[in-house]
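So you can see what is in the structure, the chains are spelled out below.
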Amino acid sequence: MYHPDLQRHPESCPSLVLNADYTPLSYYPLSLWPWQTAIKAVFLDRVDIISSYEREVHSPNLDMKIPSVIALKKYIKPSEYPAFTRFNLFLRDKFECQYCGSPEHLTFDHVIPRRQKGRTTWENVATACLPCNLKKGGRTPKEAHMQLANRPIKPTSWHLQEHGRAFPPNFLHDTWHDWLYWDIELES
């Protein structure tokens, strides 16, 4: 009998990693481990296998289905505040220019320009498209007659996870759906 998982190369069989409370370690990026890391964690007794692919890997002594969903045995407390990175900034601002709403050619803008003693902090940096950033130049939004859609804030990790749920990855294995809660319409 044909099963799509049997045709998969092991490299395309990542394991969804859940915390000990059975929630994903992260939604964006989705907490995935390569199959080798997942199997190593199983043998080190650090995870429980929740679900498996049909695809097996073999050794001289063992045949084992590749885990598709695993849960950590010890709870990892998430950090309250995420690192200040370009990706996290774009995620906070939902991958949209905070001046015009465009998702194209994104960069970041210092609301109070650095030349006016503006600092590179969560509260002073906003996502901007290149045209809006060039238009604003070294001025404040008020000086440039531009309006910010949202005032920049320091997000919590929970805040970014909630934003990340709006951007599901291109591939979700069937065994992952019960553990992920994307903002999609539920089937009845």
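Residues numbered from 1 in each chain as written. Predicted model: local features only at pLDDT ≥ 70, side-chain atom pairs only at ≥ 80, totals over all residues. Heavy atoms only, no water.

A. Highlighting the overall build of the protein. Each helix and strand in the protein was counted, giving 5 helices and 6 strands. The order of helices and strands in the protein, counted from the N terminus, is α-β-β-α-β-β-α-β-β-α-α. Put simply, the protein has 188 residues, and 41% of those count as buried. Summarising the internal contacts of the protein: among those between residues at least 6 apart in sequence, 61% fall at separations of at least 24. In the structure as shown, the protein presents an accessible area of about 11900 Å², 54% of it carried by carbon and sulfur atoms. (Helix = DSSP H or I, 4+ residues; strand = E, 2+ residues; numbered from the N terminus. Buried < 20%, exposed > 50% of the residue type's maximum accessible area, 1.4 Å probe, protein only. Contact = heavy atoms within 4.5 Å. Areas by Shrake-Rupley, 256 points an atom, 1.4 Å probe, with all protein chains shown as cover.)

B. Representation of the sheet that holds strand β4 (residues 63–72). Read across the open sheet, the 4 strands follow the order β2-β1-β4-β3; overall the sheet is mixed. Strands at the two margins of the open sheet, each flanked by one partner only, are β2 (32–33) and β3 (47–58). Here helix α2 (residues 35–43) sits on the sheet and contacts β1 (15–18), β2, β3 and β4; the angle it forms with β4, its principal contact strand, is near 80°. (Pairing = 2+ DSSP bridges. Axes fitted to C-alpha atoms, helices over the stretch in contact; angles between N-to-C directions.)

C. The arrangement of α2 in detail. All of the buried residues in α2 are Trp35, Ala38, Ile39, Ala41 and Val42. On an axial view of α2, the arc spanned by its buried residues comes to 160°, and they lie on one face. In α2, the exposed positions angled more than 90 degrees off the buried face are occupied by Lys40 and Phe43. Directly beyond the C-terminal end of α2, a positive phi value near 60° is found at aspartate 45. (Arc of directions from axis to C-beta.)

D. Structural view of unusual backbone geometry. A positive phi angle, near 70°, is found at tyrosine 22, a position not held by glycine. With respect to the helices and strands, the residue tyrosine 22 is situated in the loop between β1 and β2. Judged by relative accessible area, tyrosine 22 falls into the partly exposed class, the value being 35%. If you check the backbone angles, lysine 117 has positive phi at about 70° while not being a glycine. Looking at where lysine 117 falls in the secondary structure, it is placed in the loop between β5 (106–110) and β6 (125–129). The class for lysine 117 is exposed, based on a relative accessible area of 75%.

E. View of the pattern of salt bridges. In total, this model carries 5 salt bridges according to the counting rule given. For the salt bridge of arginine 92 with aspartate 93, the shortest nitrogen-to-oxygen distance reads 2.9 Å. Arginine 92 sits in the buried class, given a relative accessible area of 5%. Note on aspartate 93: relative accessible area 8%, which makes it buried. (Salt bridge = Lys/Arg side-chain N within 4 Å of Asp/Glu carboxyl O.)

F. Here's a closer look at the nonpolar core. Ranked by size, the top nonpolar core spans 23 residues in total, and within it Leu16, Leu30, Val47, Ile66, Trp176 and Leu180 carry the most contacts. Secondary structure elements with two or more residues in this core: β1, α2, β3 and β4. In terms of residue count, the dominant contributor to this core is β4 (6 residues). Cys97, Tyr99, Ala128 and Met146 belong to the second-largest nonpolar core, a separate cluster that totals 10 residues. (Core = buried A, V, L, I, M, F, W, Y, C linked by side-chain atoms within 4.5 Å.)

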